[in-house]
Amino acid sequence: MAPLTKKCFLKHSSMKLPYIGLGTMQIKTEEMDKALNTALDAGYRHFDTAYRYNNEADIGRSLKKIFESGKIKREELFIVTKLPHHGNRRGDVEYFLKKSLEALQLDYVDLYLVHSPMGFKRPDDIAQEVPNFTELELDMETDLVDLWKGMEAQVDAGRAKYIGISKFNSKQIQRILDNCRIRPVNLQMEMQIYLQEKELVSFCQDNDITVTAFSPFGSPGIRPLVKTLSDAPAPLEDPVIKDIANKYNKQPSQIILRFLVECGVGIIPKSSNPVRIQQNIDVFDFELTKEDFERIRALDRGEDGRVFGKVFMGNSANHPEYPFPK
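Within an unreviewed UniProt entry, the label attached to the protein reads NADP-dependent oxidoreductase domain-containing protein, and the organism entered is Nezara viridula. In its Sequence similarities (unreviewed entry) section, the UniProt record describing the protein reads: "Belongs to the aldo/keto reductase family."

Colleague: Break down the sheet that holds strand 7 (residues 210-214) for me, with residues and values.
Modeller: Here we have eight strands laid out as an open sheet, ordered 1-2-3-4-5-6-7-8, and parallel in their pairing. Whereas interior strands pair on both sides, the edge strands pair on one side only; in this sheet they are strand 1 (22-23) and strand 8 (266-267). Here strand 1 runs beside strand 2 (residues 46-48); their pairing, made up of two bridges, is parallel. Residue pairing in the sheet places Leu22 in a bridge with Phe47 of strand 2.

Colleague: An account of the pairing of strand 3 (residues 78-83) is needed here, citing residue identities and associated values.
Modeller: For strand 3, the buried fraction is high: six of the six residues fall into the buried class. With three bridges connecting them, strand 2 and strand 3 associate as parallel partners. Pairing of Asp48 across the sheet is with Val80, part of strand 3. Read as a crossover between parallel neighbours, the route from strand 2 over helix 2 (residues 56-69) to strand 3 is right-handed. Bridge analysis of strand 3 against strand 4 (residues 109-114) gives four bridges, and the strand direction is parallel. Each residue of the ladder has a partner; that of Leu83, found in strand 4, is Val114. For the handedness criterion, the β-α-β arrangement of strand 3, helix 3 (residues 93-104) and strand 4 is classed as right-handed.

Colleague: Provide a residue-level description of the pattern of salt bridges, including the pertinent values.
Modeller: Per the stated rule, a full pass over the model turns up 25 salt bridges. Residue Asp300 is joined to Lys198 by a salt bridge in which the shortest nitrogen-to-oxygen separation is 2.7 Å. Highlighted residues: Asp300 in the segment after helix 10 (290-297) and Lys198 in helix 6 (residues 198-206), separated in sequence by 102 residues. Owing to a relative accessible area of 25%, Asp300 belongs among the partly exposed residues under this scheme. Across the salt bridge formed by Lys242 and Glu237, the nearest N and O atoms sit 3.4 Å from each other. Judged by relative accessible area, Glu237 falls into the partly exposed class, the value being 46%. Several salt bridges converge on common partners, so that one network encompasses Arg89, Asp92, Arg122 and Asp139.

Rules used throughout
Residues numbered from 1 in each chain as written. Predicted model: local features only at pLDDT ≥ 70, side-chain atom pairs only at ≥ 80, totals over all residues. Heavy atoms only, no water. UniProt positions renumbered as here; feature names shortened; annotations may be inferred. Pairing = 2+ DSSP bridges. Helix = DSSP H or I, 4+ residues; strand = E, 2+ residues; numbered from the N terminus. Buried < 20%, exposed > 50% of the residue type's maximum accessible area, 1.4 Å probe, protein only. Right-handed = clockwise from strand over helix to strand, strands pointing away. Salt bridge = Lys/Arg side-chain N within 4 Å of Asp/Glu carboxyl O.

Dropping the structure here:
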């Protein structure tokens, strides 16, 4: 296999998705210009956001200045955003993507994802800042196959080059594959050393669907709320990871990201810290030995390692499309 570099892309029959992107969730308005410019200078070309994050307008203003400066062209970037949970109806997809494009000041996004298979009802004041979805009422009539037709229409209209999904399980993905005209090209999901999702990754790769891992460091700020993880160190503090990091003279974060790259998935670590932004993409100048890769493989806790779904999903475990084991 040829050495992986910053210029390598995830394997897909038609789409070129850079391995590492910048996650933008919770990046503040005053941090956005510096974060995006630092990322570009470091070699990032993949930027991930969502309607739900309430910062697309900040990203749009920064991108406009970047494009006008001549620093980079729009077609050189891969920009991802997502349909919010309260837009999971065929008739709502166009509305929300148009709102995202308006905020981002773009004519199209490279990839548009269904943020969650679980639908919520739209609030009466749809123009308000996106509420925490745990405050919204569940839409128990969510129809993923019909919703997907609304996603396909956005490709037809040129608003999205590709479409995909987030947090879907293999049965939900198969339902889409069995009924679609335009196939999903990407699954975004929680994946980290304690939740490695080997079977789901294999399923996606067998079906020409790339995988992007979010929360690669295990969301250390909320892990204390997850009872099944109370006896496990945060991934960045795991003794195995720290030992391997010392061996390679790398940061624990770089060992984790390198491991995920070698699993064949993309990663979108979030940071507004210039040093960490640089560190997070500097994982292409070394390879893990087979022994070290297997040591990290052995850290998998399966469902006991999941953070998202046990903390942020509220009462959505009652939804018919709840994707995780209860």
